[in-house]
Amino acid sequence: MTDPTPLPLTAVPLDRAGEQRSAPAFIAAQRVDPRASLVLFAEGQPLLADHAGGADRPGLGLVRLNLAAAGLVGAAEPPIFLGLEASGPLFAAAARPGFRLAGTPLEGLGGFEEVRMIAGAMHHGEAGIAGLAKSLLDWHGRHGFCARCGARTEMADGGAKRRCPSCAAEHFPRVDPVAIMLAVCEDRCLLGRQKNWPSGFFSALAGFIEPGESLEEGCLRELREEAGVIAQRPRYLFCQPWPYPSSLMLALIAPTDRFDCRPDAQEIEELIWVTRTEARAMLAGAHPSVRCPGPHAIAHHLIKAWIAEEG
Ligand SMILES: [Zn+2]
């Protein structure tokens, strides 16, 4: 990368205590640590301080509560252990469906906001913690039953896995690899617009890696399927966890020697080849007709990295 700043949603400033969290006594000790704190989610959105601030709120952070707040909001399971921060152990919990702050002792502490919309305004480490917690809470919420035998599963290792008491199967949080790529030809890169995106909004093409496929093979297949582009020798650059709900976005640049392309008509409605000059204007929000993802998303940094390769 040309920019030394880590990508948003990376570099989570926690010690995950991976070698200790499988010991029930360790997790139990963290739960009763008087310094322990809790970050709270409702409908997949974290409780953030300074909710009443304006659009530009650098340093926006997660509200840290006492662990007892998990009971107050009707959390279905014990809080998940996220890791150790300088101030003590940190946990996360999800409020019961339909929970509202109004009328509770938590009213006035902040507001629930969608991470995707405000990650760029959050303190870097806080956005990373929010992404980690969102991904884990979502996974627990969707894996209450054993995929092998159908019995109800139980949280284990403070939330680092679930265990089935009936068949003893262990289930681990998912991470789904996604290739996100720029096909490049001469001084242009290929961007696409999905049918459900606003008019004028374009981004790098992307798709899930399938079983039995390397990252590079998945990248080339997605370019063929979504855009009819035949590229060669894709090159990996960097990656970003994307908690919607559990993707790991792996960015590549894939050279091709032809501008031929056609949208797949299912996912992609429109394709455009943009020059570096146009891409610079897009990233700056100064292009007259084309917009692209902001700096919270890896697509923005992928386009930026390609621009920087000029010459
Ligand atoms: Zn089972």
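Our subject is the structure listed above.
A short tour of the structure in this document, coming up. Keep in mind it's a predicted model, so treat the numbers as computed, not measured.

A few points about the sheet that holds strand β1 (residues 37-42)
Step number 1: Within the open sheet, the five strands sit side by side as β3-β4-β1-β2-β5. Their pairing is mixed. On the outer flanks of this sheet lie β3 (80-85) and β5 (111-112), each paired with one strand and no other.
Step number 2: Examined bridge by bridge, β1 and strand β2 (residues 45-48) share two bridges and lie antiparallel to one another. For Phe41, the partnering residue across the bridge sits in β2 and is Pro46.
Step number 3: The strands touched by helix α1 (residues 24-31) are β3 and β4 (88-94); relative to β3, the strand with the most contacts, the crossing angle is about 75 degrees.
Step number 4: Contacts from helix α4 (residues 124-142) reach β1, β2, β3 and β4, with the element oriented near 160 degrees to β3.

With respect to the sheet that holds strand β8 (residues 170-171)
Step number 1: An order of β6-β7-β8 is seen for the three strands of this open sheet, with the pairing classed as antiparallel. Lying at the two open borders of the sheet, with one neighbouring strand each, are β6 (154-156) and β8.
Step number 2: Direction of pairing for strand β7 (residues 161-163) relative to β8: antiparallel, over a ladder of two bridges. Within β8, the position partnered with Arg162 by the bridge is His171.
Step number 3: Against the sheet, α4 touches β6, β7 and β8, its axis set at about 15 degrees to β7.

Description of helix α7 (residues 298-308)
Step number 1: The buried fraction of α7 amounts to nine of the 11 residues, a majority that puts the element mostly inside the structure.
Step number 2: Inspection of α7 places Ile298, Ala299, His300, His301, Leu302, Ile303, Ala305, Trp306 and Ile307 among the buried residues, and these make up the whole buried set.
Step number 3: Elements in contact with the buried residues of α7: β9 (176-185), β10 (188-194), β12 (235-242), β13 (247-255), β14 (268-275) and α6 (276-283).

A short note on the environment of Thr10
Step number 1: Tracing the sequence through the fold places Thr10 in the segment before α1.
Step number 2: On the basis of relative accessible area, Thr10 is assigned to the buried category, the value being 16%.
Step number 3: Each C-alpha atom, one on Thr10 and one on Gly128, is 5.5 Å from the other, the two residues being 118 residues apart in sequence.
Step number 4: Apart from the residues within four sequence positions on either side, Thr10 is in contact with His124, Cys239, Gln240 and Pro241.
Step number 5: A polar contact of 2.5 Å, which involves the side chain of Thr10, links it to the backbone oxygen of Leu7.

The rules behind these values
Residues numbered from 1 in each chain as written. Predicted model: local features only at pLDDT ≥ 70, side-chain atom pairs only at ≥ 80, totals over all residues. Heavy atoms only, no water. Pairing = 2+ DSSP bridges. Helix = DSSP H or I, 4+ residues; strand = E, 2+ residues; numbered from the N terminus. Contact = heavy atoms within 4.5 Å. Axes fitted to C-alpha atoms, helices over the stretch in contact; angles between N-to-C directions. Buried < 20%, exposed > 50% of the residue type's maximum accessible area, 1.4 Å probe, protein only. Polar contact = N/O pair within 3.5 Å; in protein donor to acceptor, adjacent residues only side chain to side chain.

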